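Below are the chains, spelled out letter by letter.
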Amino acid sequence: MRRGSFKDDTVDYAAVGATQAPDLMHFPPERSIPAEQSWRIGSGEKRFHGASETLLSWTAQRGAGLALTDVRPASGPMYSGVSFDADGTPIAPSRAEADLRYDADGTPYVAPGTTIRVHGRVGGMRADAELRVIFTIDEPRRVGFALGTVGDSVVSGEESFMIEWYDNDQVWFTVRAFDAPTSLLYRALPALTRRRRRELFSRYLRAISPLYNTPA
């Protein structure tokens, strides 16, 4: 797992990387609402690599109806962090460095330390925010990353996106998140945070899963 150095700006919450905690759903960061959902999106190596490429080119965010602007790769040096297994035991970093890649529109792919701005609406409410890539994971059977809020969002927190290719050949897409309401409306009505998260999860699945992307 690789993390950004946070030299230029920082996220607006303390529990950085907590979406990787095995007990997130039982012990979320203070005042935050946790969420987690997994979907089987196919099987086999081809499906895994295809979904991974799709994920790292910001397709989940764009497919959720969010417009990406001001995509800024990290300006400072990056460092390797550690990843954790299901029991919370540290394991070796997946890779020391990553070559910066670009999509057909010239937008940089997901990379540790990259900062982006998103604009859109979810459930009729604005979903504008500045976000930073907290870490990326690039392993033979697991690829993903996490985004943390830097500012301008109605919630403060983190969400992670993982594509995993299991030993039984199944490929799964998992999204985990924790949100602490920051706007007055969301603090007064916590149900709005849960509704917003459910809608985002549904949109992410539709963006990544071939069940929704394959023409009839």
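Let us look at the structure shown here. Note that this is a predicted model, so its numbers are computed, not measured.

**A short note on the environment of Met25**
Logical step 1: Inspection of the secondary structure puts Met25 in the loop between β1 (2-3) and β2 (33-43).
Logical step 2: Sequence-wise, Met25 and Ala177 are 152 residues apart; in three dimensions their C-alpha atoms are separated by 9.3 Å.
Logical step 3: What Met25 contacts, discounting residues up to four positions off in sequence, is Pro34, Ala35 and Glu36.

**Considerations on the environment of Phe135**
Logical step 1: Counting through the fold element by element, Phe135 comes out in strand β10 (residues 129-139).
Logical step 2: Spatially, the C-alpha atom of Phe135 lies 7.8 Å from that of Leu147, the residues being 12 residues apart in sequence.

**Quick look at helix α4 (residues 190-208)**
Logical step 1: Over its 19 residues, α4 extends 28 Å from the first C-alpha to the last, a length consistent with the 27 Å expected when each residue adds 1.5 Å.
Logical step 2: Leu192, Thr193, Arg196, Arg197, Leu200, Phe201, Arg203, Tyr204, Leu205, Ala207 and Ile208 are the residues of α4 that are buried.

**Regarding the pattern of salt bridges**
Logical step 1: Taken as a whole and assessed by the stated rule, the structure comprises 9 salt bridges.
Logical step 2: The residue Glu159 makes a salt bridge to Arg197 at a minimum N-O spacing of 2.6 Å. In this pair, Glu159 is assigned in strand β12 (residues 155-165) and Arg197 in helix α4, connecting sequence segments 38 residues apart.
Logical step 3: By relative accessible area, which is 6% here, Arg197 ends up buried.
Logical step 4: Each of Asp70, Arg72, Arg117 and Glu130 takes part in a single network of salt bridges with overlapping partners.

**Some points on unusual backbone geometry**
Where the residue is not glycine, phi is negative for most of them; where a peptide bond is considered, it is trans in most cases.
Logical step 1: One non-glycine residue with positive phi stands out, namely Trp58, at about 65 degrees.
Logical step 2: Here Trp58 lies in the loop between α1 (45-56) and α2 (59-63).
Logical step 3: Its identity as a non-glycine residue notwithstanding, Asp70 has a phi of 50 degrees, on the positive side.
Logical step 4: Topologically, Asp70 is positioned in strand β3 (residues 67-72).

**So, the nonpolar core**
Logical step 1: Ile41, Phe145, Phe161, Ile163, Phe173 and Tyr204 are the most contacted members of the largest nonpolar core, which has 37 residues in total.
Logical step 2: Counting residues per element, this core draws most heavily on α4, at 5 residues.
Logical step 3: In contact with Ile41, other than residues within four places in its own chain, are Arg47, Ala51, Ile163, Val171, Phe173, Leu205, Ile208, Ser209 and Pro210.
Logical step 4: Among the nonpolar cores identified, the runner-up in size contains 11 residues, and Val11, Tyr13, Ala146 and Phe178 belong to it.

Thresholds applied
Residues numbered from 1 in each chain as written. Predicted model: local features only at pLDDT ≥ 70, side-chain atom pairs only at ≥ 80, totals over all residues. Heavy atoms only, no water. Helix = DSSP H or I, 4+ residues; strand = E, 2+ residues; numbered from the N terminus. Contact = heavy atoms within 4.5 Å. Expected span 1.5 Å × (residues − 1). Buried < 20%, exposed > 50% of the residue type's maximum accessible area, 1.4 Å probe, protein only. Salt bridge = Lys/Arg side-chain N within 4 Å of Asp/Glu carboxyl O. Core = buried A, V, L, I, M, F, W, Y, C linked by side-chain atoms within 4.5 Å.

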